[in-house]
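# Structure assessment
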Amino acid sequence: MLLPIGLLAQKSSVSISGTVKDKVSDETVSFVNVVLKKTADTSFVTGTISNDNGLFTIADVKPGDYLIEVSYIGYTKFIAPLFIGSNSEFIDIGAIVMEESVQQLSEVVVTAKQDAVTGTMDKKTYAVDDNVSQSGGSVLQSMNNLPGVTTQDGQVQLRGNNQVMVLLDGKQSAITGFGNQNGLDNIPASAVEKIEIITNPSAKYDANGNAGIINIILKKEDRNGLNGKVGVSAGLGALWIRKENLPGIRSQYQATPKINPSISLNYRKKKVNLFLQADNLYTETLNKNEFVTRTFDDGTVINQQLKRNRNTNFFTSKAGLDWFLNDHNTVTISGLFSQETIKDYGDQPFFNANTEENLRLWQFLEDEVLTAAMASVAYEHKFQQPGHKLNMGFNYTFDREDEKYFFTNTRPSFTTDESFFLIADQKVADFTLDYTKPMKHGLLETGIKFRRRTIPTNMQFNPSATNSVLDTGADGQATYKETIPALYGNYTYEVKRLEAEIGLRLEYVDLQYAVDPNHNTYQSDGYDYFQPFPNARITYKLNDRNKVSAFYNRRVDRPDEVDIRIFPKYDDAEIIKVGNPGLQPQFTNSFELGFKNGWNKGYFYSAAYHRISDGTITRIATTVDTTNLIYNISQNAGKSYNTGIEIVISQELSDKINMNLNMNGYYNQIDGFTVFNLYPIENTFTADQQEIYSGNIKLNTNFKFSKSTEAQLTAIYLAPDIIPQGTIDSRFSLDVGIKRSIQNGKGELFLNATDILNTMVIRKKINGNNFTFTSSDYYETQVIRFGYSYKF
């Protein structure tokens, strides 16, 4: 809602259908005139005639109050009031019976997903191309402007929570993650048509992701003939050094280049529609530049820096065809291929803060290739009644994580060269069956889904002959197997002042994690459950400009494979990340109450929300010996709470300027907890209750200088917040962008800059069992981009 290009979940036009029958014979009547008229003055709006089977359809009807008039020679004219709601694309008004006397039709309503602007906030849609201040970057960067959305550590958060399920064209994928979200900072925004944010998902969606769902929709056209779009953008980042390196390491990246060519093609002729989308995003970035001070209870103080210069090339492509067998049956076959190559050149020096002694220099090369391929077959059958359809789909995904990590460990008395190699192959098969039927006062959706997911993983440590830091008994093989059958039903209902939705998803999960029997710490583990996941919504329309909505959702966050992966990861010399195969799912109950008031040139929206999570999944940092190494272990930390209020105010100040203000304030609490760690040795960690008031503010101002020139200024403030075992300080950034349409609207130029004041620095404080950890990350945030695109 902070963008002028926000498209509403509420339907701007509706297709209504019905049948005309003779009362005496009960047979359908063909070629009957069906007309819609305005209620106020009975003026003509639109009309049609029934077909051979007595069925009629009137498309592109705006929501509102109408009179429906049905007439035919030999029958008495039929006139009745008709209310067209705004929640569904289709409505079936049933049978209209023609007889000698006038019969009045009952009031008719459409239902479905609530309009984001009206306050239900269950779905909001934003066109990426019109996000001027973030054009030319990644999907993650383009989300910075969206209401209720923040980004941190390469992940997107909704209302301060990163438990978000990310979909690609409505499906989970290897690119965006089947469990935890990933890869968003490398997907080029140029490949994306729009982004949907669903904060209160219905039972139709998978149950995971307690904060909500983000659906990334890739570009695809279906116009007749050959058409498409080509574009290229380039940029520079890290324009100057914000903080000098500690002594003895390689230089930070400066003036980092970025380039993103893209092409989108579509060819449609008669019954076949062919489509292709391809993008390549190459970037060099100062990915991390974190300065850390660790203070231990024995008086030891260590100053360190982690600098990571990153080269990334991400290629993504999608191709396929739609085959329109006839007016009622369509088959779509598509394939998606992506390959991401990442090379990190890192330096990590350590100094004794008291004596300035050089304790260690850790230098590394991380060479990672992520390859993903997905094949999809979808079939859609449209019944005679518009909106009544059956969909079947099968998706198979294969992706490989191929990581090689080489490091040199330099100590005052020795130097060693070591490495480790990781191969993880993920195979996912999904089958879905969905049935949708418009009804007289609502919409019925039901379906089934079956998933089989397997991830065999092989970690190989290559230690030095002496003084190795690698835990050679902790490598080996492991296999993750997940089976999920699910059944759902969802019904929405609407009359003139009341909307309601109720749904239930039944889900069985069987997860088994087989661990190499030679592993020195962990054993095979897993879990299974059969659980219901209900959802409910009720909305009351006070009048045409005001609505009140209430929601309830129960959702789950299952541990992803990387959360339970048993192999220690040494991408930080003295902070070792390890998974936990004993990790259990996190269940969340969420409640929300929303209100929206609209006026001619703006609106006010507010929502109060409360989430209760049990078995909160997080990472716990501990030290267990005299080496001062920190072990970051996945654990269930007990109960946590997220309570807040979100406010959006939008106002058109003039025909040249409009402003949107989004404010989100919340209270986070994590109850005190005690966990038992197995790695590297058995130890217990206890934490007191943590709580904080936090939030964020986004002010987006849009300027229209002429028909062809627009600009955007975005200010973002993120308040201090709690993180596991600590806090993160406030952050602020200012972004600006301008675009101009040329070549009779077919071409477009843009120029933008992010974090123009260079103020975005991430500062954290962590409290461990016998240490404190403070850090400031001066990673690359300031980037200037320019680009050109052409439609044909």
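Just so you know, these numbers come straight off a predicted model, no measurement behind them.

### A word on the overall build of the protein
Secondary structure summary: the protein contains 2 helices and 45 strands in total. Classification of the 792 residues of the protein by burial places 55% in the buried group. The contacts of the protein with a sequence gap of at least 6 include a subset with a gap of at least 24, amounting to 69%. Charged side chains of the protein number 78 positive and 89 negative; the gap between the two group centres comes to 7 Å.

### Structural notes on a nonpolar patch on the surface
A cluster of nonpolar side chains, namely Leu-236, Leu-239, Trp-240, Phe-705, Ile-738, Leu-751, Ile-784 and Phe-786, defines an oily patch on the protein surface of about 740 Å² accessible area. When you line up the elements, Leu-236 lands in strand S15 (residues 225-237). Owing to a relative accessible area of 39%, Leu-236 belongs among the partly exposed residues under this scheme.

### Here's the deal with the pattern of salt bridges
For the coordinates displayed, the defined rule picks out 37 salt bridges. For Glu-403, the salt bridge identified is with Lys-569, shortest N-O distance 3.9 Å. Linking Glu-403 in strand S21 (residues 389-410) with Lys-569 in the loop between helix H2 (561-564) and strand S28 (575-578), this pair joins segments that are 166 residues apart in sequence. A residue is classified by how much of its surface remains accessible, and Glu-403, at 1% relative accessible area, is buried. Among the residues examined, Lys-569 registers a relative accessible area of 26% and is labelled partly exposed.

### Here's the deal with the sheet that holds strand S3 (residues 33-38)
Taken in spatial order, the 4 strands of this open sheet run S4-S3-S6-S7, and their pairing is antiparallel. Where the open sheet ends on each side, the last strands, each with one partner, are strand S4 (44-49) and strand S7 (78-84). Taking each pair of neighbouring strands and ignoring which way they run, the sheet shows an average axis angle of 25°.

### Quick look at the pairing of strand S27 (residues 546-557)
Among the 12 residues that make up S27, 9 are buried, leaving the element largely enclosed by the rest of the structure. Where strand S26 (residues 525-543) meets S27, 8 bridges bridge the pair, whose relative direction is antiparallel. Bridging from a neighbouring strand, Ala-536 pairs with Tyr-552 of S27. Hairpin remark: S26 followed by S27, antiparallel, with 2 residues in the connecting loop.

### Points about the sheet that holds strand S8 (residues 90-98)
Reading across the sheet, the 3 strands line up as S5-S2-S8 and stay open at both edges, with mixed pairing between neighbours. Looking at which strands have only one partner, the edges of the open sheet turn out to be strand S5 (55-61) and S8. Taking the axes of each pair of neighbouring strands and ignoring which way they run, one obtains an average angle of 20° across the sheet. Judged from the 5 bridges that link them, strand S2 (residues 14-22) and S5 form a sheet pairing that is antiparallel. Its bridge partner being in S5, Gly-18 is matched across the sheet by Phe-56.

### Section: the nonpolar core
Ranked by internal contacts, the top residues of the largest apolar core, which has 53 residues, are Trp-362, Tyr-570 and Tyr-679. Looking at this core, the element that brings in the most residues is strand S25 (residues 498-515), giving 4 residues. In this view, Trp-362 contacts Gly-346, Asp-347, Gln-348, Phe-350, Tyr-405, Phe-407, Thr-408, Asn-409, Val-469, Tyr-570 and Ala-573; residues no more than four positions away in its chain are not counted. Formed by 31 residues, the second largest nonpolar core is a distinct cluster that contains Leu-146, Ala-191, Ile-197 and Val-428.

### Details of the packing of aromatic side chains
Here the structure, examined in full by the defined rule, presents 20 aromatic pairs. Here Phe-533 and Phe-587 contribute two aromatic rings whose centre-to-centre distance is 6.4 Å and whose plane-to-plane angle is 15°, an arrangement assigned as stacked. Here Phe-533, found in strand S26, pairs with Phe-587, found in strand S29 (residues 586-599); they are 54 residues apart in sequence, far enough to count as distant. Look at Phe-673 and Phe-685: their rings are 6.3 Å apart centre to centre, the planes differ by 50°, and that puts the pair in the tilted class. Of this pair, Phe-673 sits in strand S35 (residues 673-677) while Phe-685 sits in strand S36 (residues 683-687), placing them 12 residues apart in sequence. Taken together, the ring pairs in this structure connect Trp-362, Phe-364, Tyr-405, Phe-407, Phe-420, Phe-461 and Tyr-570 into an aromatic cluster. Here the guanidinium or amino end of Arg-360 rests over the ring plane of Phe-350, the centre of that ring lying 6.0 Å away. Of note, Lys-404 hangs over the ring of Phe-421, and the distance from its end group to the ring centre comes to 5.9 Å.

### A short note on unusual backbone geometry
At the junction of Tyr-679 and Pro-680, the peptide bond is cis and its omega measures out at -5° in the coordinates. Even without a glycine there, the phi angle at Glu-356 is positive, about 60°. Note on placement: Glu-356 falls in the loop between strand S19 (329-352) and strand S20 (358-382). In this model, Asn-758 sits at a positive phi of 60°, which is unusual for a non-glycine residue. Here Asn-758 shows up in the loop between strand S42 (747-754) and strand S43 (762-767).

### Brief notes about the environment of Val-70
Note on placement: Val-70 falls in strand S6 (residues 64-71). For the pair Val-70 and Val-675, spaced 605 residues apart in sequence, the C-alpha to C-alpha distance is 71 Å. Not counting chain neighbours up to four residues away, the residues in contact with Val-70 comprise Val-20, Val-32, Asn-33, Val-34, Thr-76, Lys-77, Phe-78, Ile-96 and Met-98.

### Points about the environment of Thr-674
Within the secondary structure, Thr-674 is located in strand S35. The class for Thr-674 is exposed, based on a relative accessible area of 52%. Spatially, the C-alpha atom of Thr-674 lies 17 Å from that of Tyr-641, the residues being 33 residues apart in sequence. Setting aside its immediate chain neighbours within four residues, Thr-674 contacts Thr-684, Phe-685 and Thr-686. Within polar-contact distance, the side chain of Thr-674 engages the side chain of Thr-686 at 3.0 Å.

### Re the pairing of strand S12 (residues 164-168)
The buried fraction of S12 is high, at 5 of 5 residues. Strand direction decides the pairing type here: S12 and strand S14 (residues 212-218), joined by 5 bridges, are parallel. Note that in S14 the partner of Leu-168 across the bridge is Ile-216.

### Here we look at the confidence of the model for the protein
In this model, the protein carries an average pLDDT of 88, and 95% of its residues clear a pLDDT of 70 or more. Between residues 101-121, whose pLDDT stays under 50, and residues either more than four places distant or in other chains, the model counts 113 contacts.

### Quick word on the side chain of Ser-650
Along the chain, Ser-650 falls in strand S33 (residues 640-652). Dropping the residues within four chain positions of it, Ser-650 is found in contact with Trp-599, Lys-601, Gly-602, Tyr-603, Met-659 and Asn-660.

The rules behind these values
Residues numbered from 1 in each chain as written. Predicted model: local features only at pLDDT ≥ 70, side-chain atom pairs only at ≥ 80, totals over all residues. Heavy atoms only, no water. Helix = DSSP H or I, 4+ residues; strand = E, 2+ residues; numbered from the N terminus. Buried < 20%, exposed > 50% of the residue type's maximum accessible area, 1.4 Å probe, protein only. Contact = heavy atoms within 4.5 Å. Lys, Arg positive; Asp, Glu negative; His and termini not counted. Charge placed at Lys NZ, Arg CZ, Asp CG, Glu CD. Patch = residues over 30% accessible without salt bridge, like charges linked within 9 Å, V, L, I, M, F, W, Y side chains within 5 Å. Areas by Shrake-Rupley, 256 points an atom, 1.4 Å probe, with all protein chains shown as cover. Salt bridge = Lys/Arg side-chain N within 4 Å of Asp/Glu carboxyl O. Pairing = 2+ DSSP bridges. Axes fitted to C-alpha atoms, helices over the stretch in contact; angles between N-to-C directions. Core = buried A, V, L, I, M, F, W, Y, C linked by side-chain atoms within 4.5 Å. Phe/Tyr/Trp six-rings, centres within 6.5 Å; stacked < 30°, edge-to-face > 60°. Lys NZ or Arg CZ within 6 Å of the ring centre and 35° of its normal. Polar contact = N/O pair within 3.5 Å; in protein donor to acceptor, adjacent residues only side chain to side chain. pLDDT = per-residue confidence, 0-100.

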